[in-house]
Amino acid sequence: MRYYKIYSLMNKTAQIKKNHQFIKFRKLVIVSLLIGFLSAFLGISLKRITEYYEEIFFHEVSVNPIFYIIFPVFGLSVIYFLRQYLFKKKENKGIKEVFESTGSKSKNLPSYKIPSHFINGLLTVIFGGSTGIEVSTVVATATIGSVAHEKENVFRQYKTELICAGVAAGVTALFSSPIAGILFAFEVISRKVTRAFIISNVIAVSIAFGLLTILKEEPLFAISITTWHLKAIPYFILLGILAGMNSVYLTRCVLFFKSQFGKIDTHYYKIIIGSAVLSISLFIFPQLYGEGYHAIKTSFIAPNQIMTFTLALTFIGILLLKPIVTSITLASGGDGGVFAPSLFIGAFLGLLLASVLNTFFQVHVIPVNFMIIGMAAVLSASIHAPFTAIFLVCGLTNDYTLFFPILVVCLISKYTAKMIYPYTVYSYSPGMTK
């Protein structure tokens, strides 16, 4: 009789534990659905609003060059006053804020980060800031996951997983690639996989991709990729090495200018200096305005260009100036990161290399292929996340024809960059060996 009671008690305890696990699982599924929808809605909304107003404002500066002076100083000033009087006088640290939250049990992303990054990311880009909305979206959607984890005790142990679910859904919404969303959350944010990570992230990106399908979101770059040739492999390898070097240049520029601007005590001096550099740069190279996707799309339309001295100088000037202008945009108060700049640099680097090879060496490579592979390669090296870059760029074009060369070049660019400089703008912190 005593053994029966013990067995009955053990059986009852096991049943209670099983029921508790089922309740936790059900709640995790529900909150992941909610995070996925909210994050995707935020990402799609920010993308559409930014594209709409950036096109209008870019047209205005094309017609009236005086706006090259007015827009940057106005945009950076508005962002500064919003931070001072609406968003608790807090500087946005980008993805480092997410790392700080996932690395600490007590530190969470406050809810005001959602409107802060949404509004400031939008204002930065539409007024000419030479960066993109991707990091703004990542931090805002990570905050959605962070806020959700605080709402119920059962979610306390799933903090990183829920933050990653928000990030994965946001990246999916921006680039139409659920795989890139999950890989970015793993490669850059979490760096580990748990059962809760898989459940929450798969559900979140599924909801995000479903919303994209319902809204009929088109790929960012609607281009036709026909084929690639084995004879181009040596040149792809060269592109990977150059992409790694360019990514290091971008990283060092961001770190250097943030450090230098950090020494300026009066914030409005930062705005004046930053907007002056930005205005002059945009006047010389309008391609640097905002995310720069408009310039990439234009290059995709007519990629087979004969390389002249003037065109070569233009490309080189863009490649040298883009990291500087991006860095100064961020250092003077703009909101954003290195996603869009990496894609921009990669596209123009690939086009420059292909044009040089075709014009002077009669190699007859396909410039569009080099642009796409270059985009993935520079992004891979900039964030040290090659698999994210592969699926993200394939998602941007909705074409996997170049999957193998992109894979090879992304790995080459990442390890080239790591050999030259082991840090990214995300992993570097003051005090590390430079």
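Residues numbered from 1 in each chain as written. Predicted model: local features only at pLDDT ≥ 70, side-chain atom pairs only at ≥ 80, totals over all residues. Heavy atoms only, no water.

Participant: Can you explain the overall build of the chain? Please cite residues and give values.
Facilitator: Each helix and strand in the chain was counted, giving 16 helices and zero strands. The C-alpha atoms of the chain give 23 Å as radius of gyration, which agrees with the globular expectation for 434 residues (22 Å, within 12%). Along the first, second and third principal axes, the C-alpha set of the chain runs to 95 × 55 × 45 Å. Burial statistics for the chain: of 434 residues in total, 56% are counted as buried. For the chain, the share of sequence-separated contacts (at least 6 apart) that also reach a separation of at least 24 residues comes to 81%. About 19300 Å² of surface is accessible on the chain, with carbon and sulfur atoms providing 67% of the total. Taken as two groups, the 36 positive and 18 negative side-chain charges of the chain have centres that lie 15 Å from each other. (Helix = DSSP H or I, 4+ residues; strand = E, 2+ residues; numbered from the N terminus. Rg over C-alpha atoms; globule rule 2.2 N^0.38 Å. Buried < 20%, exposed > 50% of the residue type's maximum accessible area, 1.4 Å probe, protein only. Contact = heavy atoms within 4.5 Å. Areas by Shrake-Rupley, 256 points an atom, 1.4 Å probe, with all protein chains shown as cover. Lys, Arg positive; Asp, Glu negative; His and termini not counted. Charge placed at Lys NZ, Arg CZ, Asp CG, Glu CD.)

Participant: Now, about the side chain of Asn-201: what can you tell me, with residues and values included?
Facilitator: Positionally, Asn-201 belongs in helix α8 (residues 195-214). Once you skip the residues sitting within four places of it in the chain, Asn-201 turns out to touch Glu-161, Cys-164, Ala-165, Ala-168, Ile-182 and Ala-185.

Participant: Can you tell me about empty space enclosed by the protein, naming the residues and giving the values?
Facilitator: Under the counting rule described, the total for this entry stands at four cavities of 30 Å³ or more. Quantified by volume, the largest cavity comes out at close to 90 Å³. If you go around the largest cavity, the residues you meet are Lys-47, Glu-51, Ile-133, Glu-134, Leu-174, Phe-175, Leu-220, Glu-291, Tyr-293 and Leu-396. At the level of secondary structure, the elements contributing two or more residues to the lining of the largest cavity comprise α1 (2-63) and α6 (159-175). A per-class count over the lining of the largest cavity returns six nonpolar, no polar and four charged. (1 Å grid on protein atoms, 1.4 Å probe; cavity = no way out; pocket = protein on both sides within 12 Å on 5 of 7 lines; lining within 4 Å. Points joined across faces, edges and corners; volume = space filled by probe spheres on them. Nonpolar A, V, L, I, M, F, W, Y, C, P; charged D, E, K, R; others polar.)

Participant: Pulling in residues and values, what's your account of unusual backbone geometry?
Facilitator: Residue Lys-216 is not a glycine yet carries a positive backbone phi of 55°. We classify Lys-216 as exposed; its relative accessible area is 67%.

Participant: So, the pattern of salt bridges: which residues are in play, and what are the values?
Facilitator: Scanning the model with the defined rule gives four salt bridges in all. With a closest N to O distance of 2.4 Å, Arg-48 and Glu-217 form a salt bridge. Here Arg-48 is found in helix α1, whereas its partner Glu-217 is found in the loop between α8 and α9 (233-261), with 169 residues between them in sequence. A salt bridge links Asp-335 to Arg-83, with the nearest nitrogen and oxygen atoms 3.6 Å apart. Remark: Arg-83 occurs in helix α2 (residues 67-85) and Asp-335 occurs in the loop between α12 (309-331) and α13 (339-360); sequence separation between them is 252 residues. With respect to class, Asp-335 is no different from Arg-83; both count as buried. (Salt bridge = Lys/Arg side-chain N within 4 Å of Asp/Glu carboxyl O.)

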